[in-house]
Structures are given as C-alpha cells and as structure tokens.
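A look at the structure
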Amino acid sequence: MAITVQNFVKLANFYNQMTMMMSAICVQKGGIAMENYVGRFFAADTLEFVAEYGRRLFNAEKGKLPADVIAVIKKFDEQYKKVQNLTTPTQKPIYEMTLEEFERVMNI
C-alpha cells in the first residue's frame, strides 16, 4: 500500500468509526467506562498504526501536505501519546517480560 493522503484519510475514518461503535457498545452494556472496555487495547493498537502512518506520510510529503491534513496527523499523534501504554508490546514478547512489565502492559 502506497503512503498517500487518501489512504491516511481512510484509516482515520476507520478509527473514528470504530471509536464511535465502541462508545455505543459501552452504552449498550450498561454505561461502562471506555477505560474498562476490553476493546481499548485494539483501539490503542489501531491508533498507533494510524499515527505512525501519518508520521510516515508527513515525512514522505514534506512541504506538500495541506494544513488541514497536517493538523489531523498531529491530532492523532497527540491522542496516541495518551494511550501508548495500552498498545501491544513490540519490543519484547510477553514470555520475556518481568512481572512488573507485564502488569504495566496489561494495565493491572
């Protein structure tokens, strides 16, 4: 998949639709808080992917991107920084983690 603005917009729209659906599920399940919803880990992984795609797009198209696209890329990056502790670890497999690292990753 080529890194393009159109693909970034599709990914961003997917993420926004997914979070809207997750919110609806939380309401339907009795108003559980989003931070208690098990899907928050998938959402954090998805947000990580969208933010990284945006960073790569920004680096590939320096000076060519419209201001509104740059603003969206920055917004996703800021959102990701708030939930990066919920993402699936990529540096170390779970079986190599200490108990403290595992608890931090699983938000226990």
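Just so you know, these numbers come straight off a predicted model, no measurement behind them. (Residues numbered from 1 in each chain as written. Predicted model: local features only at pLDDT ≥ 70, side-chain atom pairs only at ≥ 80, totals over all residues. Heavy atoms only, no water.)

**What about the side chain of Arg 40?**
To be explicit about the condition: Here a strand is any run of E in DSSP of at least two residues, a helix any run of H or I of at least four, and the numbering for each starts at the N terminus. Residue burial is assigned from relative accessible area. The probe radius is 1.4 Å, only protein chains are included, and a residue is buried under 20% of its type maximum, exposed over 50%, and partly exposed in between. The positive count covers Lys and Arg only, the negative count covers Asp and Glu only, and His and the chain ends enter neither. The rule for a salt bridge is simple: a side-chain nitrogen of Lys or Arg has to be within 4 Å of a carboxyl oxygen of Asp or Glu. N or O atoms closer than or at 3.5 Å make up a polar contact, with two conditions inside protein: a donor-capable atom paired with an acceptor-capable one, and, for residues adjacent in sequence, both atoms drawn from side chains. Whether two residues touch is decided by their heavy atoms; if any such pair falls within 4.5 Å, the residues are in contact.
In this structure, Arg 40 sits in helix α2 (residues 40-60). This buried residue, Arg 40, is left without a salt bridge; Glu 35 holds the nearest opposite charge, at 7.9 Å. Looking at Arg 40, its side chain comes within polar contact range of the main-chain oxygen of Glu 35, at 3.1 Å. Leaving out residues up to four positions away in the same chain, Arg 40 has contacts with Met 22, Met 34, Glu 35, Leu 86 and Asn 107.

**Some thoughts on the nonpolar core**
Rules: For this analysis, a nonpolar core means a set of buried residues of the types Ala, Val, Leu, Ile, Met, Phe, Trp, Tyr and Cys, connected via side-chain atoms within 4.5 Å.
Ranked by internal contacts, the top residues of the largest apolar core, which has 19 residues, are Phe 8, Tyr 15, Val 50, Leu 57, Ile 73 and Phe 76. Looking at this core, the elements with two or more residues in it are α1 (5-28), α2 and α3 (67-83). Setting aside chain neighbours within four positions, we find Ile 73 in contact with Phe 8, Gly 54, Arg 55, Leu 57, Phe 58 and Leu 65.

**As for the packing of α1 against α2**
Here is the rule: Angles shown run from 0 to 180 degrees and are taken between the N-to-C directions of axes, each axis being a line fitted to C-alpha atoms and, for helices, limited to the stretch in contact. An angle counts as roughly parallel when it lies under 35 degrees, as roughly antiparallel when it exceeds 145, as roughly perpendicular when it falls between 65 and 115, and as oblique in every other case. Helix crossings fall into two classes, left-handed where the near helix is turned counterclockwise from the far one by less than a right angle and right-handed where it is turned clockwise. Classes in brief: Ala, Val, Leu, Ile, Met, Phe, Trp, Tyr, Cys and Pro nonpolar; Asp, Glu, Lys and Arg charged; the others, Gly included, polar.
Look at α1 against α2: their axes get within 10 Å of each other, and the N-to-C directions meet at 160 degrees. As the angle between them shows, α1 and α2 are arranged roughly antiparallel. Crossing angle aside, the handedness with which α1 passes α2 is left-handed. Each of Val 5, Asn 7, Phe 8, Leu 11, Ala 12, Phe 14, Tyr 15, Met 18 and Met 22 in α1 lies in contact with α2, whose residues at this interface are Arg 40, Phe 42, Ala 43, Thr 46, Leu 47, Phe 49, Val 50, Tyr 53, Gly 54 and Leu 57. Across the contact of α1 with α2, the residue classes tally to 15 nonpolar, three polar and one charged.

**Topic: the layout of surface pockets**
For clarity, the threshold we go by: A pocket here means an open set of points on a 1 Å grid, computed over the protein atoms alone, that has protein on both sides within 12 Å along at least five of seven lines. A cavity is instead a set of points where a 1.4 Å probe fits but cannot get out; residues with an atom within 4 Å of a point line either one. Grid points are joined across faces, edges and corners, and a volume is the space filled by probe spheres set on the points.
Taken as a whole, the second largest pocket spans an internal volume of roughly 160 Å³. As for the second largest pocket, its lining consists of Tyr 15, Thr 19, Met 22, Met 34, Glu 35, Arg 40, Ala 43, Ala 44, Leu 47, Val 83 and Leu 86. Elements with a minimum of two residues in the lining of the second largest pocket: α1 and α2. Per-element tally for the lining of the second largest pocket: the top contributor is α2, with four residues. By residue class, the composition of the lining of the second largest pocket is eight nonpolar, one polar and two charged.

Any link to function would need more than the numbers given here.
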